[in-house]
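Topology and contacts: notes
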Amino acid sequence: MEQINIAIDGPAGAGKSTVAKLVAGRLGYIYIDTGAMYRALTYKAIKNGIDLHNESQLNDLLLKTDISLSSDEKVFLDDEDVTKLIRTEEVTNSVSFVASHSLVRKKMLQRQQSMAKAKMTVMDGRDIGTAVLPDAEVKIFLSASVEERAKRRYEENLSKGFPADYERLKAEIALRDKRDSEREVAPLKKADDAIEIDTTLMSINDVVTTILKIAEERT
Ligand code: C5P
């Protein structure tokens, strides 16, 4: 089978990471969670008291920041395991500001492109098919209604024992999508040649099977 890259984009809570991990596992590919990279930088910026609207300070911070993703899906920030720390509400609701800066995105894009150089990656994010891997052999855009995405997050939070408020989650998801879609640089957008899969009424297994079938056809 020819080695390819698979780009999966879509709005918050569309199931990208769950599906991308399963597809990568089935193909023996590496899963790259680009959102985790923006989250790690956001976490460090907050910790260092950096203004999230200050592009040059964030750019300087990123220059001296090492972010790595392990094969067992852990996220390391300068060798510290921040896997859980980057999923807090504070980071989630701040990350779109950090991700809006062109200098930050430029550096992240370089790092992400070098991670995918050897192919055999499943990379998920917002601009993978449009900017990071415009030549990816398979491009998927995962969507689902905002109600369904909020419901999934709500159930996920409950199952983890976290507090959950459906209406609040729905509003936060909608706001993050708005910020990600309306930014000037590499906004959240379906690539012209991406295949859109509306997962609102689909099971995870059905989505994974659909993507694997598309990948098989392209190799
Ligand atoms: O995928 P996740 O929800 O963890 O992404 C967190 C945030 O990181 C997104 O809301 C977006 O602001 C940013 N992001 C991005 N480009 C990517 C991946 C994530 O701007 N490729």
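Just so it is clear, the model here is predicted, and its values are computed rather than measured. (Residues numbered from 1 in each chain as written. Predicted model: local features only at pLDDT ≥ 70, side-chain atom pairs only at ≥ 80, totals over all residues. Heavy atoms only, no water.)

**Some details on the overall build of the protein chain**
- For the protein chain, the helix and strand inventory stands at nine helices and eight strands.
- Against the compact-globule benchmark of 17 Å for 219 residues, the protein chain has a radius of gyration of 17 Å, which places it among compact chains.
- With the principal axes as the frame, the protein chain shows a C-alpha extent of 50 × 40 × 30 Å.
- Of the contacts formed within the protein chain by residues at least 6 apart in sequence, a portion of 74% connects residues at least 24 apart.
- As displayed, the protein chain offers around 11000 Å² of accessible surface, 51% of which is attributable to carbon and sulfur atoms.
- Charged side chains in the protein chain number 33 positive and 37 negative. The centres of these two groups are separated by 1 Å. (Helix = DSSP H or I, 4+ residues; strand = E, 2+ residues; numbered from the N terminus. Rg over C-alpha atoms; globule rule 2.2 N^0.38 Å. Contact = heavy atoms within 4.5 Å. Areas by Shrake-Rupley, 256 points an atom, 1.4 Å probe, with all protein chains shown as cover. Lys, Arg positive; Asp, Glu negative; His and termini not counted. Charge placed at Lys NZ, Arg CZ, Asp CG, Glu CD.)

**Notes on the pairing of strand 1 (residues 5-9)**
- Most of strand 1 is tucked away: five of the five residues are buried.
- Residues Asn5, Ala7 and Asp9 point to one face of strand 1 and Ile6 and Ile8 to the other, with burial holding for every one of them.
- Inspection of the sheet shows strand 1 paired to strand 6 (residues 121-125) by five bridges, in the parallel sense. Counted as the bridge partner of Asp9 is Gly125 from strand 6.
- Across four bridges, the pairing between strand 1 and strand 7 (residues 138-143) is parallel. When the sheet's bridge partners are listed, Ala7 is paired in strand 7 with Lys139. (Buried < 20%, exposed > 50% of the residue type's maximum accessible area, 1.4 Å probe, protein only. Pairing = 2+ DSSP bridges.)

**Considerations on the UniProt feature "binding site: ATP" (unreviewed entry) in the protein chain**
- When the UniProt feature table is mapped to this numbering, "binding site: ATP" (unreviewed entry) covers Gly10, Pro11, Ala12, Gly13, Ala14, Gly15, Lys16, Ser17 and Thr18.
- Look at Gly10 and you get buried, because its relative accessible area is 0%.
- Not counting residues up to four positions away in its chain, the partners in contact with Gly10 are Lys16, Gly125, Arg126, Phe141, Leu142 and Leu188.
- You can see Gly13 is positioned in the loop between strand 1 and helix 1 (16-27).
- In this structure Gly13 comes out as buried when scored by relative accessible area, which is 12%. (UniProt positions renumbered as here; feature names shortened; annotations may be inferred.)

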